[in-house]
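What follows is each chain in one-letter form.
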Amino acid sequence: MKVYFIISLLLAIISTSPLRAQKRSLLAHSFVPDMQKGTVIQFLENLNTHSGVVIEYASNSIEGTRTVTLDGSESSVGAVLQKVLQGQHARLMEKNKKLILVKSASLIDTDALVPFYTFYGFVRAANSREPMAGATIIDPITRRGIATNPYGFFSITLPEGRHRIEISHVGYTPEALDVVLKKNTRAEITLDLHQETLVMQPVIVPSGNLLMKTSGNRIDHRKGENYNYLLGENDPLRNTYLLPGVQHIPSSFSGLFVRGGGPEENLFLMDGNLVYNPTHMLGALSIINQTSVKSMQLFKSDFPSKYSGAISSVIDIHTKDGNMEKWQGEANAGTLSGSFTIEGPVVKDHTAIMASFRHSWKSPILTTFNKGLDPNFYDAHFKVTQLINKNNKLMASFYSGRDILSKTISNTENLNKWGNLIGSLSWNKVISSRSFINTSINMSRYHNLGAYKYTLFEEDNDDDEDNDIELESGSVGTFTSTAQYNIKSQAEIFLNHKTKLNAGIELGHTIIKPFETKFSEEIDDNEDNYHTFEPLPFDELSAYGEAEMRIGSKFFIRPGLHVSAYRFKNYEHLSFQPRIFASYKLATHHQIFSSFSRMTQYLHLVTNPYLNTNADIWVPSTSKLLPEQSDSYNLGYRFDHSGGWKFSVEGYWKELRNVTNYVEGKSYFVNDENWEQNVSSGKGWAYGTEWTIQKSGGKLSFLATYTLAWSWRQFEGINEGAKFPYKYDRRHSLNAGIGYQINKRIDCSALWSFSTGDVFSMPDYLYPDFDNTRQITNPADLLKDYRFVYHYSKYNQYRTSPYHRLDAAINYRTNSSKNNQFLVTAGVYNIYGSPDQYIYEMKGTLKSKSMISENSFASFGMTPYLSVTYKF
Amino acid sequence: MKTSSLNNNSKLPAIPSAWIVLILILITISCTDKPLYPLPQENKLVILAELTAGDSIQIPVTASLIAGGGNNISFEKVNDARVSLSEQGGGNMQLLPNNSPGFTNLPSAMYTHPHKIKPNTGYVLTAEHPLYGTATASVLVPQAFSVTHVSTDESSFMGREVLRFSFNISDPAQEKNYYLFEAIKQLVKVAHYFYWQGVKYDYDTQAGKDLFEQLEDEDEEVTLITDTIPTHQFLRLGLFATDPGSDNKTIGNMDSSFNRIFMTDTLFNGQSYPTSFAIATNLFTSATPEQKGIILVSVKSVSKEFYDYLQQYEKYKNDFGKMPVNQLSFPTENIQNGIGILGASFRNEWKLYYDDLE
């Protein structure tokens, strides 16, 4: 708390000091001229006579006979002089309490003399007062603009005078405000939802012609709903799968692979709180309920300094506060689950709540087209928002989710049980017209149990499996849990119209609870039966500082530094993570941008190699298992046309250090003392290019992304120390989506995704069993017919068949009143039943032939779906 | 202002054809991956050898099989290789295939030489074959070490009857040592025979037995001789790791039995270290003559590559069938241009007699 008060005090001192006014104190004197039109000399004499400020000048230093017309908004000495001296080769100095005007070789800058004031406040959605993140506020005349932060707050410094401010947000009717700035001015701006533009808006929100301040992608979760349906479930996270460089790998932890990084290298934040596993059904569906999302942003190359803890990507999601004006909600029944959301004011304009709940069910459609699939999950989300006053807001949110998934593949029964429990208490405060701070206390807990039962059969060349004799069976299970608690403060300080500072501090405590690999005859799904080891706690203290600086009208730079101190038992680590982003406007619609980011991650996720089992374990960094780090270099070009076309291309190079892998063959954690010996660390590289073309607006929308990428790993002791392709080294990836609005009620869409296959290892030789060559036999060995050893020459030397999938959907909206509307969605997922996983197995015994079998699986086969949503 | 300022009548900007060409070029040059799953065309020599100080040279040589090639899993003896072993500070020995009946059932051809392996000595193996190429390997035989304070006692472990084998290892200080413990039962053949008129007769045949009884009835002086002949066949005995300092934790559950116990001198370099392991006694005795034998308990110091190979080999056998083949722990080999392991050891061995060998 002491830290917070010190920071607040510093912020108050910095932000409340009228820096520009102090520097030009004489210019800030109030003054309204006697005339609106006159010569330069006449205005200077009027100023000398009536303003109380003395201005000295030589008549030959200026064009005194030029006629100047004021617009009546000028109310200070500086504002008047700015207009009067516009276009003059002159320079103004303040000395001895006088203003001295001298001749100069260069023209007076357009805003050199006029005082600046801050125009600040919140942008909210009409009828709900929901703060809007990412709304743009632009003064087209001065070309100054800014976007609201995740809490809807904005602060823009403009010169004194009249301004026509344009406020816009994708999907909402733009607003224009006439503002006369004579002092710092606060505004509460509301935007109406534009009914005619409910669909066919861009998934990836374009920055327009504004100079880019980040290359992170802001996702409009509502407008991408054409492409983000999974069996009728509107999953906002699926919008990120359309981005180049982002892979969705079903049946994997989190399902998200970004620029050659592993699934554990993504930081998923919900209202600033870390979510360890943000997916259901082994990555098929996210925990995010579309109706509760306010904003979503993905960073994969350029990381603002406030982020750390993951070396590949950051997904930052903020949920709604709840409707402060009226009660509303939504109920949905689909093929996979049912859900409802309700939000409304407990006390109008003061207290609002939002609650949503979703639970899976086995619909006849699902079980008909996906035999053996038995999804069982739920989400519960509750949030309460309290407006204390116009400058202070409290928010408390709570989330609970759980999954139970069982599948049988290739004689192997798999069981996974995992869940998240998340809570946070957050306080927003507008400290002054130019500073804003958010402080939060967060808790995130995660547990995961993964087990499988194997059965080994005596093989022969007979394809009839009923004739196979069971030789051996058993079960292997792993249980782990993780909990993190943190407190953090993040501040934004708008120094002037060209510079903004971001700073923050965070203190976190993480406990990895015991983990065990349990061997038993049958699957044990009782977490209490797993042996408890000593917990592994670690602490992290981090701070960051960053400056957003606009240099001229064409160049923007954002340097920053994130510093973190880590401690686990006797091991301490200090990490300096420099960040820099820069953009340059080549022309009105053309920009280039570049960035460098160093990221550090203290948690390692060791992926268990078992088949189809989410038995992944988080472990902390130690002196033997150093923190993971990445250095990302990025260069890109973007074309953004106001007619709705957008094109971008980026090239990147990423270096990874201390990435983890199970030591070959040491995939069990059988005790707590030597777990580090089961994990090895190495390095990696990822590089490639990403292309995006998007067209939005009008009846037809189109999105296509293409990625050409390479990803490598290198571990001592694996592949004889030589580098090898990363498992998900998919060379080409292509997404093509098209949407068409037939009329006001009906729209349709189709999405086709393609990617090159994954790499995998398989043995290329087999040779006799070592004991066999000495005629040593083991009477207890049930696997006598398997007394040989496989040998492989290289790691990940083969590639599976490519992956591709076609989805189509159609939406129908009743043209009911705004308070009662039905949305019916019908579609087909995976139209031609393409697999999303290939598994290769080696078969053969001493009595039979050595054969390779290829099995392909689809998380969901060709599945038609129907979903009905009622909005009230 | 309620109307949008966006211009919906914009023309599609032309993507320069150069970009399309560039994309096509990039796609083309990157499509150089191997075809889906090509198999190797030729097999390799396989050598799975252990050079034990004090023993004569025995090198099993066979050929690999191509995995997934559709061929029957049946290994062939490679009797036509040129196999030689050169000794550090000594000469080069040519090994010859040994066709004695004891090696008939092996999956590999056995190349032997009567020369005794020396401790703390380096060896280089070369095996040449016109079809499989030339495979080479080198190894250093560990130096001698002693085991003292040996004692045994019968007890139980995890509900099973075991023989606890306790001893002290006198660890040499100059280098890192790798130890493994194992117990096998060498099957013996009990032969009965007698001599009459200078001719040896086999009593274990019906004719011989009839002759012996006839001679006894005729009060002829004839003596039945019993001889125990060790075979080249062995049974592996299950071991339990009773020392928590063993390296078996990474292989499997410590409550289960292992084929070998692994231990390094990390905790006791240069010292006399007391340790133990337990041997399952279920095979110590046998009612059937075919499974009678002598218990051989070994405490070995082995070369590092051999230690790693056998440890991974144990893990491989433990995991086989429980996970996909490509997730198994493949043993690390040291044969150049071939497959397998050339290992070395210094062995301390004890013989225990439990079977009635009469």
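Quick caveat: nothing in here was measured; it's all calculated off a predicted structure.

Visitor: Any chance you could explain the overall build of chain B here in plain terms?
Guide: What chain B contains, in helices and strands, is three helices and 18 strands. Expressed as a percentage of its 358 residues, the buried residues of chain B come to 48%. Of the contacts made within chain B by residues no fewer than 6 positions apart, 69% connect residues no fewer than 24 positions apart. Summed over all atoms, the accessible surface of chain B reaches about 17200 Å², with 50% contributed by carbon and sulfur.

Visitor: What exactly am I supposed to notice about the overall build of chain A here?
Guide: Regarding its fold elements, chain A presents five helices and 55 strands. The buried share of chain A, reckoned over its 872 residues, is 62%. Sequence separation of at least 24 residues holds for 66% of the intrachain contacts in chain A that already meet a minimum separation of 6. Total accessible area computed for chain A in this model is approximately 32600 Å², and 56% of it derives from carbon and sulfur atoms.

Visitor: Looking at this model, I keep getting lost on a negative patch on the surface. Mind explaining?
Guide: Judged by side-chain charge, B:Asp210, B:Glu213, B:Glu216, B:Asp217, B:Glu218, B:Asp219, B:Glu220 and B:Glu221 come together as a negatively charged surface patch. For B:Asp210, the location among the structural elements is in helix H2 (residues 206–217).

Visitor: What am I meant to see in helix H3 (residues 304–319) of chain B here?
Guide: Residues separated by three or four positions in an α-helix point in the same direction, a consequence of the helix having 3.6 residues per turn. All names here are of chain B. An ideal rise of 1.5 Å per residue puts 22 Å on 16 residues; H3 measures up with 22 Å between its terminal C-alpha atoms. What H3 keeps buried is the set Phe306, Tyr307, Tyr309, Leu310, Gln311, Tyr313, Glu314, Lys315, Tyr316 and Asp319. Note on H3: the residue one or two positions beyond its end, Gly321, has a positive phi of about 90°.

Visitor: Even after reading the chapter, I still don't get the sheet that holds strand S49 (residues 788–791) of chain A, so can you show me in this structure?
Guide: Strand pairing in a sheet relies on backbone hydrogen bonds, with the paired strands running either antiparallel or parallel. If you walk across this open sheet you meet the three strands as S49(A)-S47(A)-S3(B), and the pairing is antiparallel. Two strands bound the open sheet, and with one partner strand each, they are S49 of chain A together with strand S3 (65–66) of chain B. When strand S47 (residues 765–768) of chain A meets S49(A), the two strands line up antiparallel, connected through four bridges. If you follow A:Tyr765 over to S49(A), its bridge partner there is A:His791.

Visitor: Just checking my understanding: could you explain the confidence of the model for chain A for this structure?
Guide: When pLDDT drops low, the exact placement of atoms in the prediction is not to be read closely. Residues and elements named next belong to chain A. For chain A, per-residue confidence averages 84 on the pLDDT scale, and residues scoring 70 or more make up 88% of the total. Of the regions scoring below 50 in pLDDT, residues 14–24 engages in 20 contacts with residues more than four places distant in sequence or in other chains. Residue range residues 663–671 is modelled with pLDDT below 50. Its contacts to residues more than four positions away, or to other chains, number 45 contacts.

Visitor: Looking at this structure, how should I read a nonpolar patch on the surface?
Guide: Residue and element names in this part refer to chain A. Taken together, Trp327, Phe340, Ile342, Val346, Val347, Phe357 and Phe872 make up a surface patch of nonpolar side chains, about 610 Å² in accessible area. Top element by residues in the nonpolar patch is strand S25 (residues 337–347). It accounts for four residues. Following the sequence through the fold, Phe340 ends up in strand S25.

Visitor: Any chance you could explain the packing of helix H3 (residues 40–50) of chain A against helix H4 (residues 77–84) of chain A here in plain terms?
Guide: All names here are of chain A. Packing of H3 against H4 brings their axes to within 10 Å, and their N-to-C directions diverge by 165°. Considered as vectors, H3 and H4 are oriented roughly antiparallel to each other. Pair H3 / H4 crosses with left-handed handedness. Here H3 contributes Val40, Phe43, Leu44 and Leu47 to the contact with H4, which in turn contributes Val77, Leu81 and Val84. Looking at the contact of H3 with H4 residue by residue, the class counts come to seven nonpolar, no polar and no charged.

Visitor: Could you clarify how one ought to interpret the environment of B:Gln271 in this entry?
Guide: Residues and elements named next belong to chain B. For Gln271, the location among the structural elements is in the loop between strand S15 (261–264) and strand S16 (272–280). Given the relative accessible area of 47%, Gln271 is considered partly exposed. Counting along the chain gives 102 residues from Gln271 to Ile169, while the straight-line C-alpha distance between them is 7.9 Å. Once residues lying within four places of it in the same chain are set aside, the contact partners of Gln271 are Ile169, Ser170 and Asp171.

Visitor: I tried to follow unusual backbone geometry on my own but got confused; where do I start?
Guide: Note on backbone geometry: most residues besides glycine have negative phi, and most peptide bonds are trans. Residue and element names in this part refer to chain A. Here the phi dihedral of Asp271 falls at roughly 55°; this positive angle occurs in a residue that is not glycine. Within the secondary structure, Asp271 sits in the loop between strand S18 (266–270) and strand S19 (273–274). You can call Asp271 buried: its relative accessible area is 15%. With phi around 65°, Asp349 is a residue other than glycine that occupies positive phi space. The residue Asp349 is located in the loop between S25 and strand S26 (351–360) in this model.

Visitor: Could you clarify how one ought to interpret empty space enclosed by the protein in this entry?
Guide: A probe matching the size of a water molecule, rolled over the atoms, marks out where space remains unfilled. Residues and elements named next belong to chain A. If you walk through the whole model with that rule in mind, you get 17 cavities of 30 Å³ or more. Quantified by volume, the second largest cavity comes out at close to 470 Å³. Lining the second largest cavity are 29 residues, with His248, Arg730, Asn735, Ser753 and Arg805 sitting closest to its centre. When residues of the lining of the second largest cavity are traced back to their parent elements, those giving at least two are strand S16 (246–248), strand S44 (732–741), strand S45 (746–755) and strand S51 (803–813). Sort the elements by how many residues they give to the lining of the second largest cavity and S45 lands first, with four residues. Per-class residue counts for the lining of the second largest cavity are 15 nonpolar, ten polar and four charged.

Visitor: I keep staring at the packing of aromatic side chains and nothing clicks. Help me out?
Guide: Given two aromatic rings, one states the distance between the centres and the angle between the planes to describe the pair. Scanning the entire structure with this criterion turns up 57 aromatic pairs over all chains. Seen from their ring centres, B:Phe145 and B:Tyr179 are 5.2 Å apart, and the 65° between their planes marks the pair as edge-to-face. Residue B:Phe145 is found in the loop between strand S8 (133–140) and strand S9 (146–157), and its partner B:Tyr179 is found in strand S11 (residues 178–196); the two are separated by 34 residues along the sequence. Assessed through its relative accessible area of 0%, B:Tyr179 is described here as buried. Judged by centre distance (5.2 Å) and plane angle (15°), the ring pair of B:Phe181 and B:Phe277 falls under stacked. Of this pair, B:Phe181 sits in strand S11 while B:Phe277 sits in strand S16; the two residues are 96 residues apart in sequence, bridging distant segments of the chain. Taking the relative accessible area as the measure of exposure, B:Phe181 reaches 0% and is therefore buried. Through pairs of rings, three or more aromatic residues link up here, namely A:Phe715, A:Phe724, A:Tyr786, A:Tyr792, A:Tyr795, B:Tyr316, B:Phe320 and B:Phe330. In this structure, A:Lys723 is placed above the aromatic ring of A:Trp685, and the distance from its NZ or CZ to the ring centre is 5.9 Å. Residue placement shows B:Lys200 over the ring face of B:Tyr193; its charged tip is 4.2 Å from the ring centre.

Cut-offs and rules
Residues numbered from 1 in each chain as written. Chains lettered and ligands numbered in written order. Predicted model: local features only at pLDDT ≥ 70, side-chain atom pairs only at ≥ 80, totals over all residues. Heavy atoms only, no water. Helix = DSSP H or I, 4+ residues; strand = E, 2+ residues; numbered from the N terminus. Buried < 20%, exposed > 50% of the residue type's maximum accessible area, 1.4 Å probe, protein only. Contact = heavy atoms within 4.5 Å. Areas by Shrake-Rupley, 256 points an atom, 1.4 Å probe, with all protein chains shown as cover. Patch = residues over 30% accessible without salt bridge, like charges linked within 9 Å, V, L, I, M, F, W, Y side chains within 5 Å. Salt bridge = Lys/Arg side-chain N within 4 Å of Asp/Glu carboxyl O. Lys, Arg positive; Asp, Glu negative; His and termini not counted. Charge placed at Lys NZ, Arg CZ, Asp CG, Glu CD. Expected span 1.5 Å × (residues − 1). Pairing = 2+ DSSP bridges. pLDDT = per-residue confidence, 0-100. Axes fitted to C-alpha atoms, helices over the stretch in contact; angles between N-to-C directions. Parallel < 35°, antiparallel > 145°, perpendicular 65-115°, else oblique. Left-handed = near helix turned anticlockwise from the far one by under 90°. Nonpolar A, V, L, I, M, F, W, Y, C, P; charged D, E, K, R; others polar. 1 Å grid on protein atoms, 1.4 Å probe; cavity = no way out; pocket = protein on both sides within 12 Å on 5 of 7 lines; lining within 4 Å. Points joined across faces, edges and corners; volume = space filled by probe spheres on them. Phe/Tyr/Trp six-rings, centres within 6.5 Å; stacked < 30°, edge-to-face > 60°. Lys NZ or Arg CZ within 6 Å of the ring centre and 35° of its normal.

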